[in-house]
Amino acid sequence: MIRTVIFDMDGVIVDTEPLHKFAYYAHFDELGIVVSDEMYATFTGNSTRNVFQKLKSTFAIEAEVEDLIQRKRTIFNDAFDTSEILCLLPGVKDLIVDLNQNDMQLILASSASKGTIARVFNRFELTRYFSHIVSGEDFPKSKPDPAIFIHAARLSGDGFDECVVIEDSTNGVKAAKAAGLACIGYKSEHTKFQDISDADWIISSFDELNAGLIKNFKA
């Protein structure tokens, strides 16, 4: 029986991806580099630090990684504070409430920074539903490295076979499976460049899920 649901955030709980993409490409323009949509798609599920480490190894960028991170975050935060399009994904709040009311533990395991997670959780009043919040900035490697999910599963206090991950990215699904966890893949209009075929169950709407179905889910 599943007792703990481990959520990714970007693309699963809230759609911050358009804001991230805006911030990245505004920064790319400042840096004078051209990043294709295909290359950008490979960044999904990676921390900002890992993205700029990859970019520095591909392009002749002289700035230090930490400076690049801070500039991108500044652009993102300015957009976050003024954007009217940032919203929770359809049906996810109802699912979170349903799981919580049915005594299921919820844990966040997101590649996003602690600051970004806090801004999202405060804006949409999500903190009270989650027992633990895990940020990718605490790990040296991003998804598909499984460390973040292994840590989240251990924090749950439940067995790995009693946990399930909800992910929307290629890297996220790979990380969940590498951690030895069951995975529900969320397929949306934003995942057209993502291969989530390794997920144990693929959904296209959160209306397809409820506490009863998830509790009895078997990979």
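Thresholds applied
- Residues numbered from 1 in each chain as written.
- Predicted model: local features only at pLDDT ≥ 70, side-chain atom pairs only at ≥ 80, totals over all residues.
- Heavy atoms only, no water.
- 1 Å grid on protein atoms, 1.4 Å probe; cavity = no way out; pocket = protein on both sides within 12 Å on 5 of 7 lines; lining within 4 Å.
- Points joined across faces, edges and corners; volume = space filled by probe spheres on them.
- Helix = DSSP H or I, 4+ residues; strand = E, 2+ residues; numbered from the N terminus.
- Nonpolar A, V, L, I, M, F, W, Y, C, P; charged D, E, K, R; others polar.
- Pairing = 2+ DSSP bridges.
- Axes fitted to C-alpha atoms, helices over the stretch in contact; angles between N-to-C directions.
- Buried < 20%, exposed > 50% of the residue type's maximum accessible area, 1.4 Å probe, protein only.
- Right-handed = clockwise from strand over helix to strand, strands pointing away.

Engineer: Would you explain the layout of surface pockets in this entry?
Structural biologist: By rolling a water-sized probe across the atoms, one finds the places where empty space is left. Approximately 690 Å³ is the volume attributed to the largest pocket. Considering the residues around the largest pocket, the lining is formed by 39 residues, among which Glu17, His20, Tyr40, Thr44 and Gly45 are closest to the centre. Contributing elements (two or more residues each) for the lining of the largest pocket: helix H1 (17-31), helix H2 (37-41), helix H3 (48-58) and helix H4 (65-82). For the lining of the largest pocket, the leading source of residues is H1, giving 5 residues. Partitioning the lining of the largest pocket into residue classes produces 9 nonpolar, 16 polar and 14 charged. Its volume calculated, the second largest pocket comes out at about 180 Å³. Every residue lining the second largest pocket is counted, 14 residues in all, and those nearest its centre are Ile2, Asp161, Phe217, Lys218 and Ala219. Of the residues that constitute the lining of the second largest pocket, the class distribution is 8 nonpolar, 2 polar and 4 charged.

Engineer: Which parts of the structure should I look at to understand the sheet that holds strand S6 (residues 201-203)?
Structural biologist: As a general point, the strands of a sheet are linked pairwise by backbone hydrogen bonds and lie either parallel or antiparallel. The strand order across the open sheet built from 6 strands is S3-S2-S1-S4-S5-S6, with neighbouring strands paired in parallel fashion. Each edge of the open sheet carries a strand with a single partner, namely strand S3 (132-135) and S6. Adjacent strand axes in the sheet meet at a mean angle of 20°, parallel and antiparallel pairs treated alike. In terms of strand pairing, strand S2 (residues 105-110) meets S3 through 4 bridges, oriented parallel. Of the residues in S3, the one forming a bridge with Ile107 is His132.

Engineer: How should empty space enclosed by the protein be read in this particular structure?
Structural biologist: Tallied over the entire structure, the rule returns 1 cavity of 30 Å³ or more. The space that makes up the largest cavity amounts to roughly 60 Å³. Broken down by class, the residue content of the lining of the largest cavity amounts to 3 nonpolar, 4 polar and 3 charged.

Engineer: How should I be thinking about the pairing of strand S5 (residues 182-186) in this particular structure?
Structural biologist: With respect to burial, S5 is a largely interior element, 5 of its 5 residues being buried. The side-chain alternation of S5 yields two buried faces, one formed by Ala182, Ile184 and Tyr186 and the other by Cys183 and Gly185. The pairing of strand S4 (residues 163-167) with S5 spans 4 bridges and is parallel. Counterpart to Val165 in the pairing with S5 is Cys183. With helix H8 (residues 170-178) bridging S4 and the parallel S5, this β-α-β connection has right-handed handedness.

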